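Here is how the chains run, residue by residue.
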Amino acid sequence: MTDQELIRKLERPAGPVDVVIDTDTYNEIDDQYALAYLIKSGEKLRLKAIYAAPFHNEKSAGPGDGMEKSYQEIMNVLELMEREDLKENVFKGAVKYLPDESQPVESAAVRDLVERAMERKEDNPLYIIAIGAITNIASAIIMEPEIVNRVVVIWLGGHAYDWHDNREFNLFQDVAAARVVFDSKVPLVQLPCMGVVSHFATTGPELKYWLSGKNKLCDYLVDVTAAEADKYEESACWSRAIWDVAAVAWLLDESFMLDRYEHSPVPEYDDRYAFDRTRHLIKYVYAINRDRLFEDLFHKLTS
């Protein structure tokens, strides 16, 4: 794919588009906000499938356990939203990370993604919102390289290019998968965490003002966000980045963030990027309109 073709495919779509989301929903509360925001944005984003992504930290016994817990949490969010009709399109993803850059990890999610992507025309791509370790998407690309011509990937992962390191949770869990995606020439929008999406943060009083008492989902989001803050934050005066919402928002409105074209970096295994100006182009988000995006998020969650 030439840079001209990449630029054309990386233009933000004007009309309704078909999307799937790949999410480690049990890892942090931001995934639940993002999934709900996506479902509430049905006038522009037609949700076709939800994939559970692996993760491993203190909340899981391993990547497979993280994926299973995320699958169950997806179901919980759908019940809170009274959208049980979407459950039939939820698929379990990888139970482990890529063993290397040439071997996929097969799963129901990967098989579904390949099948859906191959049904697309090149001028009508499937949009993939990825907000966890990118194992499932990389596996699909390895299994069927042709899908890079039929999809656009929006990934929240890595840190800003001028950040002091690149040890970001979604990336360092499966560096091999990130390298596959960044090397594949798939049309890719990258939303870096520290230095960019880290500005999309809220506080307890703000959440209580806008969301508390509005509906079951909103009460759940407020309670879990506050519980996570109490557990992990060192100060009583805390703020919390709701990272993953930004990946959904990129498709919705150009006023929510600023982006530019960059040559695709190489995620290295030592928590650094390597840069090569001869590589293909990706789209890189470098600023978030925090207030404008939170206004839209709160409005949709409470509607």
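What you are looking at is a predicted structure, and each value in this text was computed from that prediction instead of being measured. (Residues numbered from 1 in each chain as written. Predicted model: local features only at pLDDT ≥ 70, side-chain atom pairs only at ≥ 80, totals over all residues. Heavy atoms only, no water.)

A. How the structure looks around the sheet that holds strand β4 (residues 126–130). Reading across the sheet, the 8 strands line up as β3-β2-β1-β4-β5-β6-β12-β9 and stay open at both edges, with mixed pairing between neighbours. Among the strands making up the open sheet, the edge pair consists of β3 (90–92) and β9 (257–263). On average, adjacent strands in this sheet sit at an angle of 25 degrees to one another, irrespective of strand direction. Sheet topology places strand β1 (residues 17–23) next to β4; 4 bridges connect them, and they run parallel. The residue of β4 that forms the bridge with Asp 22 is Ala 130. Along the sheet face, helix α7 (residues 175–183) touches β5 (151–156), β6 (188–191) and β12 (281–288) and points at about 135 degrees away from the line of β6. (Pairing = 2+ DSSP bridges. Helix = DSSP H or I, 4+ residues; strand = E, 2+ residues; numbered from the N terminus. Axes fitted to C-alpha atoms, helices over the stretch in contact; angles between N-to-C directions. Contact = heavy atoms within 4.5 Å.)

B. The arrangement of the UniProt feature "domain: Inosine/uridine-preferring nucleoside hydrolase" (unreviewed entry) in the chain in detail. In the UniProt entry, the feature "domain: Inosine/uridine-preferring nucleoside hydrolase" (unreviewed entry) is given for residues 19–260. Counted over residues 19–260, helix gives 37% and strand 17%. Its end C-alpha atoms are 22 Å apart. (UniProt positions renumbered as here; feature names shortened; annotations may be inferred.)

C. Seen up close, the environment of Ala 34. Here Ala 34 shows up in helix α2 (residues 30–39). Here the alpha-carbon distance between Ala 34 and Ile 129, two residues 95 residues apart in the chain, equals 9.9 Å. Apart from the residues within four sequence positions on either side, Ala 34 is in contact with Ile 131, Asp 244, Val 245 and Val 248.

D. Region of interest: α7. A large share of α7 lies buried, amounting to 8 of its 9 residues. Taken together, the buried residues of α7 touch α5 (135–143), β5, α6 (169–172), β6, β10 (266–267) and β12. One or two positions beyond α7, positive phi appears at Lys 185, with a value near 70 degrees. (Buried < 20%, exposed > 50% of the residue type's maximum accessible area, 1.4 Å probe, protein only.)

E. Quick look at the layout of surface pockets. When its volume is computed, the largest pocket comes out at roughly 430 Å³. As for the largest pocket, its lining consists of 21 residues, and the residues nearest its centre are Asn 27, Glu 28, Phe 169, Arg 240 and Trp 243. Among the elements of the structure, α2 and α6 are those that each provide at least two residues to the lining of the largest pocket. Residues of the lining of the largest pocket, tallied by class, amount to 7 nonpolar, 4 polar and 10 charged. Lining of the second largest pocket is provided by Ile 39, Lys 40, Leu 80, Met 81, Glu 82, Arg 83, Asn 215, Lys 216, Leu 217, Leu 301 and Ser 303. (1 Å grid on protein atoms, 1.4 Å probe; cavity = no way out; pocket = protein on both sides within 12 Å on 5 of 7 lines; lining within 4 Å. Points joined across faces, edges and corners; volume = space filled by probe spheres on them. Nonpolar A, V, L, I, M, F, W, Y, C, P; charged D, E, K, R; others polar.)

F. Region of interest: the packing of aromatic side chains. Under the definition given, this model contains 11 aromatic pairs. Taking 5.7 Å as the distance between ring centres and 90 degrees as the angle between the ring planes, the aromatic pair formed by Phe 169 and Phe 172 counts as edge-to-face. One end of the pair, Phe 169, and the other, Phe 172, are both in helix α6, 3 residues apart, so they sit about a helical turn from each other. Within the aromatic cluster, the residues linked to one another by ring pairs are Phe 200, Tyr 209, Trp 210, Phe 294 and Phe 298. One residue, Arg 12, lies across the ring of Trp 250, its end atom 4.6 Å from the ring centre. When the ring centre of Tyr 71 is taken as origin, the NZ or CZ atom of Lys 92, which lies over that ring, is 4.9 Å away. (Phe/Tyr/Trp six-rings, centres within 6.5 Å; stacked < 30°, edge-to-face > 60°. Lys NZ or Arg CZ within 6 Å of the ring centre and 35° of its normal.)

G. Main features of the pairing of strand β2 (residues 45–52). Across the 8 residues that make up β2, a large majority, 6, are buried. Pairing of β1 with β2 involves 7 bridges; the strand directions are parallel. Looking at β2, one finds that Val 20 is bridged to Ala 49. In this sheet, β3 lies alongside β2 in parallel orientation, the contact comprising 3 bridges. Paired with Ile 50 across the two strands is Val 90, which belongs to β3. A crossover connection joins β2 to the parallel β3 through helix α3 (residues 63–80); in handedness this β-α-β unit is right-handed. (Right-handed = clockwise from strand over helix to strand, strands pointing away.)

H. Spotlight on the side chain of Lys 59. If you trace the backbone, Lys 59 turns up in the loop between β2 and α3. Here Asn 27 takes part through its backbone oxygen, which lies 2.9 Å from a polar atom of the side chain of Lys 59. Discounting residues that sit within four places of it in the chain, Lys 59 has contacts with Tyr 26, Asn 27, Glu 28, Asp 65, Lys 69, Glu 228 and Tyr 232. (Polar contact = N/O pair within 3.5 Å; in protein donor to acceptor, adjacent residues only side chain to side chain.)

I. Up close: the packing of α2 against α3. Running from N to C, α2 and α3 point in directions that differ by 50 degrees, and their axes come no closer than 11 Å. Relative to α3, α2 is oriented oblique. In this structure, α2 crosses over α3, and the sense of that crossing is right-handed. Within the contact between the two elements, α2 uses Gln 32, Leu 35 and Ile 39 and α3 uses Glu 73, Ile 74, Val 77 and Leu 78. Residues of the contact of α2 with α3, tallied by class, amount to 5 nonpolar, 1 polar and 1 charged. (Parallel < 35°, antiparallel > 145°, perpendicular 65-115°, else oblique. Left-handed = near helix turned anticlockwise from the far one by under 90°.)

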